[in-house]
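# Examining the three-dimensional arrangement
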Amino acid sequence: MTLAPLVLSLGSAFAAPPQAACVSSAEWPLWETFNERFAQEDGRIVDFSVPQMHSTSEGQSYAMFFALVANQPERFERLWRWTVSNLAGGNIAARLPAWQWGQRKDGSWGVLDNNPASDADLWLAYALLEAARVWKKPVYETEARTLLARVVQDEIVDLPGFGKMLLPGPAGFVFPDQKLWRLNPSYLPLPLLRRFAQVDPKGPWQALAQNTVRLLGDTAPRGYAPDWTAWRVAENGKGSFVADPQLGDVGSYDAIRTYLWAGMTPTNDPAANTVRRQLGGMAQAVEMAEFAPEKVQTSTGSVQGVGPIGFSAAMLPYLLTDGRSAALQLQQKRVQARLLDPAARLPYYDHVLGLFGTGWIEKRYQFLPSGRLQLRWEKACTTATKR
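The notes below deal with the structure included here. (Residues numbered from 1 in each chain as written. Predicted model: local features only at pLDDT ≥ 70, side-chain atom pairs only at ≥ 80, totals over all residues. Heavy atoms only, no water.)

## Points about the sheet that holds strand β7 (residues 180-183)
Taken together, four strands build an open sheet; the order of strands is β6-β7-β8-β9 and the sheet is antiparallel. The open sheet is flanked by β6 (174-175) and β9 (239-243), the only strands paired with a single partner. Where β7 and strand β8 (residues 229-233) come together, four bridges link them in antiparallel fashion. Bridging across to β8, W181 finds its partner in W231. (Pairing = 2+ DSSP bridges. Helix = DSSP H or I, 4+ residues; strand = E, 2+ residues; numbered from the N terminus.)

## Focus: the layout of surface pockets
In this structure, the largest pocket spans a volume of roughly 800 Å³. Together, 30 residues line the largest pocket, and E58, W99, Y187, D254 and R257 are the ones closest to its centre. Elements that contribute at least two residues to the lining of the largest pocket include exactly β1 (55-56), α2 (57-69) and α13 (348-361). Looking at the lining of the largest pocket residue by residue, the class counts come to 15 nonpolar, seven polar and eight charged. (1 Å grid on protein atoms, 1.4 Å probe; cavity = no way out; pocket = protein on both sides within 12 Å on 5 of 7 lines; lining within 4 Å. Points joined across faces, edges and corners; volume = space filled by probe spheres on them. Nonpolar A, V, L, I, M, F, W, Y, C, P; charged D, E, K, R; others polar.)

## What to know about the packing of helix α1 (residues 29-38) against α13
Closest axis-to-axis distance for the α1/α13 pair is 10 Å, and the angle between their directions is 160°. Between α1 and α13, the angle falls in the class roughly antiparallel. With respect to the hand of their crossing, α1 and α13 are arranged in left-handed fashion. Contact residues: L30, W31, T33, F34, R37 and F38 in α1; Y348, H351, V352, G354, L355 and T358 in α13. Across the contact of α1 with α13, the residue classes break down as seven nonpolar, four polar and one charged. (Axes fitted to C-alpha atoms, helices over the stretch in contact; angles between N-to-C directions. Parallel < 35°, antiparallel > 145°, perpendicular 65-115°, else oblique. Left-handed = near helix turned anticlockwise from the far one by under 90°. Contact = heavy atoms within 4.5 Å.)

## Section: the side chain of R44
One can find R44 in the loop between α1 and β1. Despite being buried, R44 has no salt bridge partner; D42 is the closest side chain of opposite charge, sitting 6.6 Å away. A distance of 2.4 Å separates a polar atom in the side chain of R44 from the backbone oxygen of M53. (Buried < 20%, exposed > 50% of the residue type's maximum accessible area, 1.4 Å probe, protein only. Lys, Arg positive; Asp, Glu negative; His and termini not counted. Salt bridge = Lys/Arg side-chain N within 4 Å of Asp/Glu carboxyl O. Polar contact = N/O pair within 3.5 Å; in protein donor to acceptor, adjacent residues only side chain to side chain.)

## Concerning unusual backbone geometry
Here K136, not a glycine, exhibits a phi torsion of approximately 55°, which is positive. Mapped onto the elements, K136 comes out in the loop between α4 (118-134) and α5 (138-155). The phi torsion at R345 lies on the positive side, around 55°, for a residue other than glycine. Among the structural elements, R345 can be located in the loop between α12 (325-338) and α13.

## Concerning the packing of helix α10 (residues 280-289) against helix α11 (residues 309-321)
For any two helices packed against each other, the geometry comes down to the angle between their axes and how far apart the axes lie. Axis separation between α10 and α11 bottoms out at 11 Å; the angle between their running directions is 100°. In this view, α10 runs roughly perpendicular relative to α11, as classed from their interaxial angle. For the pair α10 and α11, the contacting residues are G280, M282, A283 and V286 in the first and M315, Y318 and L319 in the second. Taken together, the residues of the contact of α10 with α11 break down into six nonpolar, one polar and no charged.

## Side note on the nonpolar core
Buried together is how nonpolar side chains tend to be arranged in soluble globular proteins. Grouped together as the largest cluster of nonpolar side chains are 113 residues, with contacts concentrated most on F65, F76, F196, W205, F356 and Y365. Looking at which element gives the most residues to this core, the answer is α4, with eleven residues. Among all residues touching F356, those that are not within four sequence positions of it are Y62, F65, F66, W123, L260, W261, M264 and Y365. (Core = buried A, V, L, I, M, F, W, Y, C linked by side-chain atoms within 4.5 Å.)

## A look at the sheet that holds strand β3 (residues 109-113)
Pairing in this open sheet of three strands is antiparallel, and the strands run β1-β2-β3 from one edge to the other. The open sheet has two free edges, formed respectively by β1 and β3, since each of these has just one partner strand. Sheet analysis places strand β2 (residues 100-103) next to β3, joined by four bridges and oriented antiparallel. Residue pairing across strands places G102 opposite G110, the latter belonging to β3. Where helix α3 (residues 73-87) meets the sheet, it contacts β1, β2 and β3, and its direction lies at approximately 80° from that of β2.

No statement about biological role is implied by the geometric values presented.
Here it is as structure tokens:
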């Protein structure tokens, strides 16, 4: 277990084996910058913007996905083993990973919040499934299926009058006395749900995908996604989505991922056009103001502030798939000038959004309608093998 928040470069620590060396990790500079700033040698991702210098299951899951995109199996393995050892008590069959690990008030290091985060659980399972497939490592698929079984058990519920839905975590989001369930739309990337439905056709994933489309439409009356929302059942037994009782109808740092996932959903996915149409307010705002607003009141459509550079990166897939070429070019210039400048010293979240957005635009990865990943290096390796 890591006992100090020292950041070490992983650049030379993991030499790829022959079967994984078709594309050099040096070909993705933003990913290497991320590792130099936020990764430790043992596989821990550190966010230094908080006093606890914490690591989260989200950060670990995203980094595993990027390591897969970069074709770095050893780095992937280190990230996953740190996650299991430190966030899941060494046994993912017994529990889902805790969402937060860092420095405690007494100076020691360990789990700060035991509650899992379901978005990270989905990304962990997805990364493992795809790693098992492309690197021919069946143990990853076994672990992914174990994770998904626990997600079904601990984090998926039947909302009265609505159906299957993903809770943000096992504890703290259901209020029986109020007949209310708190939800986060950005926790539900459609490509991931498609992939899970493929590997677990008897599971809740197809229903969850259908209900995600409905959730996005019902909670974005002006075309803007909220960070959080809630499902409430009235005394007459009818349910409806309402503004989140704790955070209201604000769309900001969580919601930006909802547009990112929508933009990356394949155009031939049956729900792609519907979802992008439901979330069209943000694309229009970017087109008109030349930047993504930092905050939106989803009920009125009023916008406030200028979003950070990560917001621009997150909007790239959406602007491309929605055919907004002028807005796309402008945001690409902003990203090129700020995000890809190694001297900018941008925070963790901007880097993550940048890796997702620019990685997709550069076709380092794409999602297929089945939810499977299409990886640039995988195609290159296949071509090299055939020569």
